[in-house]
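Structural overview
Read off the chains here:
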Amino acid sequence: MSKHILGILCSGRGSNMQSILAAIKSGQIKAEVGIVLTDKPEARALAVARENGIKSICINRKECKDQQDFEEQLVAELRNAGVTLVVLAGFMRILSPYFVGEFRHQILNIHPSLLPSFGGAHAHRDVLAYGTKVSGCTIHFVDEGMDHGPIILQDTVPVLENDTEETLAARVLEKEHILYPRAIELYVDGKLELVGERHVRIKN
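Residue positions are given per chain, counted from 1 along the sequence in the order it is written. Where local features are concerned, this predicted model is filtered to residues with pLDDT of at least 70; where side-chain atom pairs are given and counted, the filter is 80 or more; whole-chain, interface and lining totals use all residues. Computation of side-chain values covers all heavy atoms of the structure but excludes hydrogens and water.

Turning to helix α5 (residues 123-130), a few remarks are in order. Residues of α5 that are buried include every one of Ala 123, His 124 and Val 127, and no others. Buried positions in α5, seen along its axis, are confined to an arc of 95° and lie on one side of it. Working definition: helices are DSSP H or I runs of at least four residues, strands are E runs of at least two. Numbering for both runs from the N terminus. Of the residues one or two after α5, Gly 131 is the one with positive phi, at around 85°. Whether a residue is buried, partly exposed or exposed follows from its accessible area with a 1.4 Å probe, protein chains only, as a fraction of its type maximum: under 20%, in between, or over 50%, in that order. For this quantity, the arc is that covered by the directions from the helix axis to the C-beta atoms.

See below:
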């Protein structure tokens, strides 16, 4: 079986990307990162990629004609790198049906809540405002909906009485750094099976 090649899309500091790179180096994930793409020239993820000898490119959305132009450039770079799995690691843009269709069932995303609850860009704020006692993170396949695709793995953290968005986010992030590499490992090892449109079965 040919080796999987990951394409990582980031908009920020790339902390989840670093946990994925560490899992590759340790042998947990039997794959390589072919390219790191970002939509923001100031993204720390670009420097992290360079430090690890990985090709990295910024496709600045502001310099593209429109969303289609932006996504066509993303797809071209991912195809050129031979990417077999697209990993969204803090990529703060909603992908169109065009992009999702290009990599159907080959895009993973991480979200800092227990989906389907508290989707969107302000999960921690919304969790605290609602008063829920448990939060966590979710790894899912990406489909045409926002934070909507079939769920692969989830893990929980308690919401404490004195939590702020920052303290809750920090504890959830610790879980993310464990869960995301595990989900990628399962994908690469061929242990994820889609059952219908919504359910993911993890094979032994």
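This part is about the packing of aromatic side chains. Stacked, edge-to-face and tilted are the three classes for Phe, Tyr and Trp ring pairs, Trp counted by its six-membered ring, which pair at centre distances within 6.5 Å; planes under 30 degrees apart are stacked, over 60 edge-to-face, the rest tilted. Going through the model one piece at a time under the given rule, you end up with 3 aromatic pairs. Summarising the aromatic geometry, the rings of Phe 118 and Tyr 130 are spaced 5.8 Å apart at their centres and angled 70° between planes, so their arrangement reads as edge-to-face. Remark: Tyr 130 occurs in helix α5 and Phe 118 occurs in the loop between β5 (107-111) and α5; sequence separation between them is 12 residues. Note on Tyr 130: relative accessible area 68%, which makes it exposed. Lysine and arginine charges are scored as sitting over a ring when NZ or CZ, respectively, is within 6 Å of the ring centre and within 35 degrees of the ring normal. Over the aromatic face of Phe 103 sits the side chain of Arg 79, whose NZ or CZ is 4.2 Å from the ring centroid. Over the face of the ring belonging to Phe 70 we find Arg 93, whose NZ or CZ atom lies 5.9 Å from the ring centre.

Right, let's talk about the nonpolar core for a bit. Only buried residues count toward a nonpolar core. Its members are Ala, Val, Leu, Ile, Met, Phe, Trp, Tyr and Cys residues joined through side-chain atoms within 4.5 Å. Formed by 40 residues in total, the largest nonpolar core has its most connected members in Ile 8, Ile 20, Tyr 180 and Ile 184. When residues of this core are assigned to their parent elements, the largest contribution, 9 residues, is made by helix α6 (residues 165-188). Among residues more than four places away in sequence, those in contact with Tyr 180 are Asn 16, Ile 20, Val 87, Leu 88, Ala 89, Leu 108, Asn 109, Ile 110 and Ile 139. With 20 residues, the next largest nonpolar core counts Ile 59, Phe 70, Val 83 and Val 86 among its residues. What makes two residues a contact is simply this: any of their non-hydrogen atoms within 4.5 Å.

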